[in-house]
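Structural features, examined
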Amino acid sequence: MTTYAVGGAVRDALLGLAVQDRDWVVVGSTPEAMTAQGYVPVGKDFPVFLHPQTREEYALARTERKTARGYKGFAVQAAPDVTLEEDLARRDLTINAMAVPEALAHAAPSTWTGLIVDPYDGQRDLQAKVLRHVTEAFTEDPVRILRLARFAARFADFSVADETMALMRQMVEGGEVDHLVPERVWQELTKGLMSTKPSRMFEVLRECGALKVLLPELDRLWGVPQRAKYHPEVDTGAHMMLVMDMAAQLNTPLSVRVACLFHDLGKGNTPADVLPRHIGHEGRSVKLLLKVCDRLRVPSDCKELAEVMAREHGNIHRSAELNAEAVMRLLERCDAVRQAERFARVLQACECDARGRLGLADAAYPQAERLMLAQKAALSVETAPIAQAAAQAGLKGPQIGERITQARVQAIREVLR
């Protein structure tokens, strides 16, 4: 049995990046031989094992052949006579289809010269910064379209090979993307969203036609105009991409990036006769994003943050004009007293929206600081004594709540002075 490090570990080492995880392929072995050596089987659909000491994954070399649409529609053959080259042939991109012997895996890449197994010229494409499919087998799994798109987001200066883009368009036109399960779509989207340049993922998906299938609510934003006074970039789709890249630049968490992605979906439904204004787009955005979140099974924390941001981002942008009473009402609508940490993320998403505009990337966003001060003032009010005094005065329920609100408004008024 011979073991090789494969895929991303080889790619990242050659790029001079830190290697987070290593995947291993074992050639010339069997499941029985692996378990006899203490490897623990964990693969339900594929012959994958955990190393008895390192707990890293070791997979038997295998071939895959598509038999039906969907994730389960593959016939897998793992046998001692499957070669390393045959195993690498089933991989998605040439830059992920390289291997080095186990003995060299932890050594400096400079020692790998002449020893890298690279039957599909992955080194050439790494140097040329090109994302290229390995073989026509790429078409057998439509998830590879999403994988390539999120690699484009991670390696933003890489281009997509013309023949690979043509192949992806062919897959989309053939209806392959229609059969992707929500969990796999969401898994790949989140990886792209958390990359250094998320806009690249959506550009690639849009270019091949997959975005129109997977996220039509987002795809229709391109070509929709906005008022240049507030949006120098004018095009709503262009604005969305600037916002996404700003979210990456500010190193925001996933929930903020999801909120940024969905906050303006309602602009795609604005009646043509009122363009470039988008009156009421906030409410339309909420309705659309809730449907998208249900369809893709987005986690509740992401969905809830996106809903608040979509509904209130216009009010937060204009909050410098609000007096203490109006600021308190805004905090209440955002549930900022009970969900203090979430409100901070809402403000972060709004900052991405404000700075995700042509020429405004370095603009200040004082609204966030002002509202954080107001929130802190509201939270500083000790409610128990107020409630007790109100109850002794014969007040009940909503009346007690009103007394607490009045105290919070006064605290906000003082701090905003």
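Higher on the page you've got the structure.
Figured I'd write up the structure that's included with this text. Residue numbers here run from 1 along each chain, matching the order of that chain's written sequence. Thresholds applied to this predicted model are a pLDDT of at least 70 for local features of residues and 80 or more for the giving and counting of side-chain atom pairs; totals over whole chains, interfaces and linings are not thresholded and use all residues. Hydrogens and water molecules were not included; the side-chain quantities draw on all heavy atoms of the structure.

1. Let's talk about the overall build of the protein
Rules: Numbering goes from the N terminus for both helices and strands, where a helix is a DSSP run of H or I of at least four residues and a strand is a run of E of at least two. Throughout this description, buried means an accessible area under 20% of the type-specific maximum (1.4 Å probe, protein chains only), exposed means over 50%, and partly exposed covers the range between. Should any heavy atoms of two residues lie within 4.5 Å, those residues are counted as being in contact. Only the protein chains shown count as cover for residues, and all accessible areas are computed by the Shrake-Rupley method using a 1.4 Å probe. Charge convention: Lys and Arg are scored as positive, Asp and Glu as negative, and His as well as the terminal groups of each chain are ignored. A charged residue contributes its charge at one atom only: NZ of Lys, CZ of Arg, CG of Asp or CD of Glu.
Each helix and strand in the protein was counted, giving 19 helices and 10 strands. Dimensions of the protein, computed from the C-alpha atoms along their principal axes, are close to 85 × 50 × 40 Å. Within the protein, the proportion of its 417 residues that are buried is 50%. Of the contacts made within the protein by residues no fewer than 6 positions apart, 66% connect residues no fewer than 24 positions apart. Accessible area of the protein: about 19,300 Å², with a carbon and sulfur share of 50%. Of the side-chain charges in the protein, 53 are positive and 55 negative, and the distance between the mean point of each set is 7 Å.

2. A word on the side chain of His231
Along the polypeptide, His231 turns up in the loop between helix 10 (216-219) and helix 11 (236-249). Apart from residues lying up to four places away in sequence, His231 is in contact with Gln226, His239, Lys267 and Arg357.

3. Topic: the nonpolar core
What counts is decided by this rule: Among the buried residues, those of types Ala, Val, Leu, Ile, Met, Phe, Trp, Tyr and Cys that are joined through side-chain atoms within 4.5 Å form a nonpolar core.
Counting residues in each nonpolar core, the largest one holds 106 residues, and the members touching the most others are Ile145, Phe202 and Leu218. Element by element, the count of residues in this core is highest for helix 5 (residues 143-154), at eight residues. With residues near it in sequence (within four places) discarded, Leu218 still touches Phe202, Leu211, Met240, Leu261 and Leu265. Counting 13 residues, the second largest nonpolar core, distinct from the first, contains Ala79, Val82, Leu88 and Ala97.

4. A look at the packing of helix 5 against helix 8 (residues 198-208)
To keep things clear, this is the line we draw: Whenever a helix is involved, its axis is fitted only over the stretch in contact; in every case the axis is a line through C-alpha atoms, and angles between N-to-C directions fall within 0 to 180 degrees. Geometric relationships in this document are graded by angle, where less than 35 degrees denotes roughly parallel, more than 145 denotes roughly antiparallel, 65 to 115 denotes roughly perpendicular, and other angles denote oblique. Two helices that cross are described as forming a left-handed crossing if the nearer one is turned anticlockwise from the farther one by less than a right angle, and a right-handed crossing if clockwise. Three residue categories are used. Nonpolar comprises Ala, Val, Leu, Ile, Met, Phe, Trp, Tyr, Cys and Pro, charged comprises Asp, Glu, Lys and Arg, and polar comprises the others, including Gly.
Helix 8 packs onto helix 5 with a crossing angle of 140 degrees between their chain directions and a minimal axis gap of 6 Å. Here helix 5 lies oblique to helix 8, going by the angle between them. Handedness of the helix 5/helix 8 crossing: right-handed. Contact with helix 5, carried on its side by Ile145, Leu146, Leu148, Ala149, Arg150, Ala152 and Ala153, involves Pro198, Arg200, Met201, Val204, Leu205 and Cys208 of helix 8 and no other residues of that element. Residues that form the contact of helix 5 with helix 8 fall into these classes: 11 nonpolar, no polar and two charged.

5. Some thoughts on helix 13 (residues 281-296)
Note that an α-helix has 3.6 residues per turn; residues three or four places apart therefore point the same way. Which entries qualify depends on this criterion: For a helix, the expected span equals 1.5 Å multiplied by the number of residues minus one.
Taking 1.5 Å per residue as the helical rise, helix 13 with its 16 residues ought to reach 22 Å, and the 22 Å between its terminal C-alpha atoms agrees with that figure. Buried residues along helix 13 sit in contact with helix 7 (182-193), helix 10, helix 12 (254-262) and helix 14 (300-317).

6. Some words on the packing of aromatic side chains
Applicable threshold: Two aromatic rings from Phe, Tyr or Trp, using only the six-membered ring of Trp, form a pair when their centres are within 6.5 Å; if the ring planes differ by under 30 degrees the pair is stacked, by over 60 it is edge-to-face, and anything between is tilted.
For the structure on display, the rule yields four aromatic pairs. Measuring from ring centre to ring centre gives 5.4 Å for Trp24 and Tyr58, while their planes differ by 10 degrees; the resulting arrangement is stacked. Of the two residues, Trp24 sits in strand 2 (residues 23-27) while Tyr58 sits in strand 5 (residues 57-60), which places them 34 residues apart along the sequence. Classification of Tyr58 as buried rests on a relative accessible area of 2%. Centre to centre, the rings of Phe155 and Phe158 are 5.3 Å apart; their planes meet at 35 degrees, and the pair counts as tilted. Residue Phe155 shares its accessibility class with Phe158, and that shared class is buried. These aromatic residues form a ring-pair network of at least three members: Trp24, Tyr39 and Tyr58.

7. As for the layout of surface pockets
Heads up, the condition is: Here a cavity denotes grid points, spaced 1 Å and computed from the protein atoms alone, that fit a 1.4 Å probe unable to get out, and a pocket denotes an open set having protein on both sides within 12 Å along at least 5 of 7 lines; residues with an atom within 4 Å of a point are the lining. Grid points are joined across faces, edges and corners, and a volume is the space filled by probe spheres set on the points.
By volume, the largest pocket is sized at about 1,500 Å³. Looking at the lining of the largest pocket, the elements that each hand over two or more residues are helix 1 (8-14), strand 2, strand 5, strand 6 (62-66), helix 5 and helix 7. Considering every element that reaches the lining of the largest pocket, the biggest residue donor is helix 5, with six residues. Taken together, the residues of the lining of the largest pocket sort by class into 16 nonpolar, seven polar and 21 charged. Here the second largest pocket is characterised by a volume of approximately 690 Å³.

8. Topic: the sheet that holds strand 8 (residues 99-101)
Heads up, the condition is: Think of it this way: DSSP has to see at least two bridges between two strands before they count as a pair.
Strands sit in the order 3-4-5-2-1-8 across an open sheet of six strands; the sheet is mixed. Each having just a single partner strand, strand 3 (40-41) and strand 8 make up the two edges of the open sheet. Across two bridges, strand 3 lies against strand 4 (residues 48-50) in antiparallel orientation. Across the sheet, residue Pro41 finds its bridge partner in strand 4, namely Phe49.

9. Quick look at the pairing of strand 1 (residues 2-6)
A regular strand places its side chains so that they alternate between the two faces of the sheet. The element strand 1 is largely enclosed, with a buried count of four among its five residues. Pairing between strand 1 and strand 2: five bridges, direction antiparallel. Bridging across to strand 2, Thr3 finds its partner in Val26. Examined bridge by bridge, strand 1 and strand 8 share three bridges and lie antiparallel to one another. Bridging across to strand 8, Tyr4 finds its partner in Pro101.

10. With respect to the pairing of strand 2
Judged by how many residues are buried, strand 2 sits mostly within the fold: four of five residues are covered. Pairing analysis gives three bridges linking strand 2 to strand 5, with the strands arranged parallel. Across the sheet, Trp24 pairs through a bridge with Tyr58, a residue of strand 5.

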